[in-house]
Amino acid sequence: MNEYIEIVRFRLNAGISEEDILAAELHMAAHLSSNYAGYLGRQLLKSEDGAWTVLLRMASKEAMQALLTALKEDRSDAVRNYVRCVNLKEARIEFYLAVR
């Protein structure tokens, strides 16, 4: 199976600092690693204009679909805090299949 990658581009919600999103990202990465099969890792990027991007890597498309379905019901502090930081209304999400 090939890795499946989610790319999310977003801005922070009003009142959220860089320190807030960095702490939320660390907590979220640890939560996903401990609780979701097929999780391979994630990387947080920041552009010079203040936009943010997360690259989420899963072992397969099926693992990604299972994760996204489960996250809708995940009431953990990690997920709640991350959602508090990210402006989801304006976020752009794309998916890619790794080909090599």
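Residues numbered from 1 in each chain as written. Predicted model: local features only at pLDDT ≥ 70, side-chain atom pairs only at ≥ 80, totals over all residues. Heavy atoms only, no water.

Visitor: Help me understand the packing of aromatic side chains in this model?
Guide: By convention here, two paired aromatic rings are described through the distance between centres and the angle between planes. All told, the structure shown has one aromatic pair when counted by the stated rule. The interplanar angle of 15° and the centroid separation of 6.0 Å between the aromatic rings of Y4 and F95 together place this pair among those described as stacked. Remark: F95 occurs in strand β4 (residues 92-97) and Y4 occurs in strand β1 (residues 4-10); sequence separation between them is 91 residues. A relative accessible area of 13% places Y4 in the buried class. When its relative accessible area of 36% is taken as the criterion, F95 is described as partly exposed. A cation over a ring is seen here: R42 above Y82, with NZ or CZ 5.1 Å from the ring centre. (Phe/Tyr/Trp six-rings, centres within 6.5 Å; stacked < 30°, edge-to-face > 60°. Helix = DSSP H or I, 4+ residues; strand = E, 2+ residues; numbered from the N terminus. Buried < 20%, exposed > 50% of the residue type's maximum accessible area, 1.4 Å probe, protein only. Lys NZ or Arg CZ within 6 Å of the ring centre and 35° of its normal.)

Visitor: What exactly am I supposed to notice about helix α1 (residues 18-35) here?
Guide: Since the α-helix advances by 3.6 residues per turn, residues separated by three or four positions end up pointing in the same direction. Between its first and last C-alpha atoms α1 spans 26 Å; for 18 residues at 1.5 Å apiece the expected length is 26 Å, and the two agree. Within α1, burial applies to I21, A24, E25, M28, H31 and L32. For α1, the arc enclosing every buried residue in end-on projection is 135°, short of the 170-degree limit, so these residues lie on one face. Residues of α1 that are exposed and point more than 90 degrees away from the buried face comprise E19, L26 and S34. (Expected span 1.5 Å × (residues − 1). Arc of directions from axis to C-beta.)

Visitor: Quick question: what am I supposed to make of the pairing of strand β3 (residues 52-58) here?
Guide: In regular strands, side chains alternate between the two faces of the sheet. With five of seven residues buried, β3 is to be regarded as a mostly interior element. Bridge count between β1 and β3: seven bridges; the pairing is antiparallel. Residue R9 lies in a different strand from β3, and its bridge partner there is T53. With seven bridges connecting them, strand β2 (residues 39-46) and β3 associate as antiparallel partners. Counterpart to L45 in the pairing with β3 is T53. What sits between β2 and β3 in their antiparallel hairpin is a turn of five residues, with G50 showing a positive phi close to 95°. (Pairing = 2+ DSSP bridges.)

Visitor: What is the right way to read the nonpolar core from this model?
Guide: Proteins that are soluble and globular tend to have nonpolar side chains buried together. Membership of the largest hydrophobic core comes to 23 residues, with the highest contact counts inside it found for F10, I21, L32, L44, L56, M58 and Y82. Only β1, α1, β2, β3, α2 (61-71) and α3 (77-85) provide two or more residues apiece to this core. Residues contacting L56, with those up to four places away along its chain left out, are Y4, I5, E6, L32, Y39, G41, R42, M64 and L67. (Core = buried A, V, L, I, M, F, W, Y, C linked by side-chain atoms within 4.5 Å. Contact = heavy atoms within 4.5 Å.)

Visitor: It is not clear to me how the sheet that holds β4 should be interpreted in this structure. Could you clarify?
Guide: Strands pair in a sheet through their backbones, by hydrogen bonds, and they do so in one of two ways: parallel or antiparallel. Pairing within the open sheet is antiparallel, and its four strands lie in the order β2-β3-β1-β4. Both edges of this open sheet fall to β2 and β4, since each of them pairs with a single strand only. Mean inter-strand twist for the sheet, computed between neighbouring axes without regard to direction, equals 15°. Packing against the sheet, α1 makes contact with β1, β2 and β3, and its axis sits at approximately 170° to β2. (Axes fitted to C-alpha atoms, helices over the stretch in contact; angles between N-to-C directions.)

The analysis is restricted to geometry; functional conclusions fall outside its scope.
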